[in-house]
Amino acid sequence: MSNAAGAMLPWPVDDFSKYGPVEARPVGKIQGFVGRAMHRNWVSIPHVTHHDDADVTEFERRRKAWNTAHPDDKRTLLPVLIKASVAALQRHPNFNCSLSADGTTVFAKSYFNIGVAVDVPSGLLVPVIRNCDQKEVGEIAREVAQISEKARTKGLSVAEMAGGCFTLSSLGHIGGTGFTPVINAPEVAILGICRTQDRFVPDAGGNPVLKQLLPLSLSYDHRVINGADAARFVRFIADWLSTYQFT
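So, how was this worked out
Residues numbered from 1 in each chain as written. Predicted model: local features only at pLDDT ≥ 70, side-chain atom pairs only at ≥ 80, totals over all residues. Heavy atoms only, no water. Helix = DSSP H or I, 4+ residues; strand = E, 2+ residues; numbered from the N terminus. Buried < 20%, exposed > 50% of the residue type's maximum accessible area, 1.4 Å probe, protein only. Contact = heavy atoms within 4.5 Å. Areas by Shrake-Rupley, 256 points an atom, 1.4 Å probe, with all protein chains shown as cover. Expected span 1.5 Å × (residues − 1). Patch = residues over 30% accessible without salt bridge, like charges linked within 9 Å, V, L, I, M, F, W, Y side chains within 5 Å. Salt bridge = Lys/Arg side-chain N within 4 Å of Asp/Glu carboxyl O. Polar contact = N/O pair within 3.5 Å; in protein donor to acceptor, adjacent residues only side chain to side chain. Pairing = 2+ DSSP bridges.

Chemist: Go over the overall build of the protein chain with me, naming the residues and quoting the values.
Modeler: In terms of regular secondary structure, the protein chain is built from 6 helices and 11 strands. Along the longest, intermediate and shortest principal axes, the C-alpha atoms of the protein chain span 60 × 40 × 40 Å. Burial analysis of the protein chain (247 residues in total) assigns 40% to the buried set. A separation of at least 24 residues holds for 62% of the contacts in the protein chain among residues at least 6 apart in sequence. Carbon and sulfur atoms form 57% of the exposed surface of the protein chain, whose accessible area is close to 14200 Å².

Here is the structure:
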């Protein structure tokens, strides 16, 4: 390929004020850093996104029953998904890895630190919940609430966002049916979660049954993970949720 054919075109420059009123605002410090990291991750990692739905009908029934019986210790989906992700990483250890910058070495991890993307006014931060394999759902829920509040109000240190193995990015409180989350390098995968949907699906006899389906979107580094592994990983999480008992 010639240099002319392979060169990227320069960024378009235009005087937007020719078309109407505009306001020029500098990009915020956090937003600028996140933008540069996202750009690096997107152009450096061959992303593939696998989409699937988890049947959470019985999970939601059990969760609501728990919350009714324990009004002072209510449970939400995200902390349980963190535990489900840990179980999936334990079953599929190729997801609990990082690839060296030159792509020649895979670092297999024996710890389970889960990042949680938090939407803050100045951009996006990803605090890391450490040693999630050693914590119960209630403890994880309290830690997620505390660190998310700190991210929104005081900000986070670099140390509080380092050392992750796998990241969850949830849009369930807003909506959506699927998206392509950008991998948080040097991790090799990230799970996107959208809002649970009520949908009729056929039962074994072909009759429509109303189910609650949770859309899951797994982006993975195709240098480390293949499509079949990604499909199994998401199915494992879906099956894990279907049998999870609140305690």
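Chemist: If you had to explain unusual backbone geometry to someone new, which residues and values would you point to?
Modeler: Along the chain, A185 connects to P186 via a cis peptide bond; the corresponding omega equals 10 degrees. Mapped onto the secondary structure, P186 falls in the loop between strand 8 (166-170) and strand 9 (189-193). Notably, N131 is not glycine yet its phi reads approximately 50 degrees, a positive angle. Structurally, N131 is set in the loop between strand 7 (128-129) and helix 5 (137-153). Since its relative accessible area comes to 32%, N131 is described here as partly exposed.

Chemist: Provide a residue-level description of helix 5, including the pertinent values.
Modeler: If you check helix 5, its first and last C-alpha atoms are 24 Å apart, about what 17 residues at 1.5 Å a residue would give, namely 24 Å. The set of residues buried in helix 5 consists of V137, G138, I140, V144, I147, S148 and A151. Elements in contact with the buried residues of helix 5: helix 4 (77-91), strand 5 (118-120), strand 6 (123-125) and strand 7. Backbone geometry just after helix 5 places G155 at a positive phi near 90 degrees.

Chemist: How would you sum up a nonpolar patch on the surface? Please name residues and give values.
Modeler: A cluster of nonpolar side chains, contributed by F16, Y19 and V22, occupies part of the molecular surface with about 380 Å² of accessible area. Mapped onto the secondary structure, V22 falls in the loop between helix 1 (3-6) and helix 2 (29-44).

Chemist: Tell me about helix 6 (residues 227-243), and name the residues and values.
Modeler: Between its first and last C-alpha, helix 6 extends 25 Å over 17 residues, near the 24 Å set by a 1.5 Å rise per residue. Buried residues of helix 6: D229, A230, F233, V234, F236, I237, A238 and L241, and no others. Where helix 6 is buried, its residues contact strand 1 (47-55), helix 3 (57-69), helix 4, strand 8, strand 9 and strand 11 (208-221). For helix 6, the N-terminal cap is N226; the gap from its side-chain oxygen to the backbone nitrogen of A228 is 3.2 Å.

Chemist: Which residues make up the pairing of strand 11, and what values do they have?
Modeler: Counting buried positions over the 14 residues of strand 11 gives 10, a clear majority of the element. Two strands pair when backbone bridges link them, and strand 1 and strand 11 are joined in this way by 9 bridges, in the antiparallel orientation. Residue pairing across strands places H51 opposite S217, the latter belonging to strand 11. As paired elements, strand 9 and strand 11 share 5 bridges and run antiparallel to each other. Within the sheet, the bridge partner assigned to I193 lies in strand 11 and is L216. Examined bridge by bridge, strand 10 (residues 197-202) and strand 11 share 6 bridges and lie antiparallel to one another. In the strand pairing of strand 11, P202 is matched with P208.

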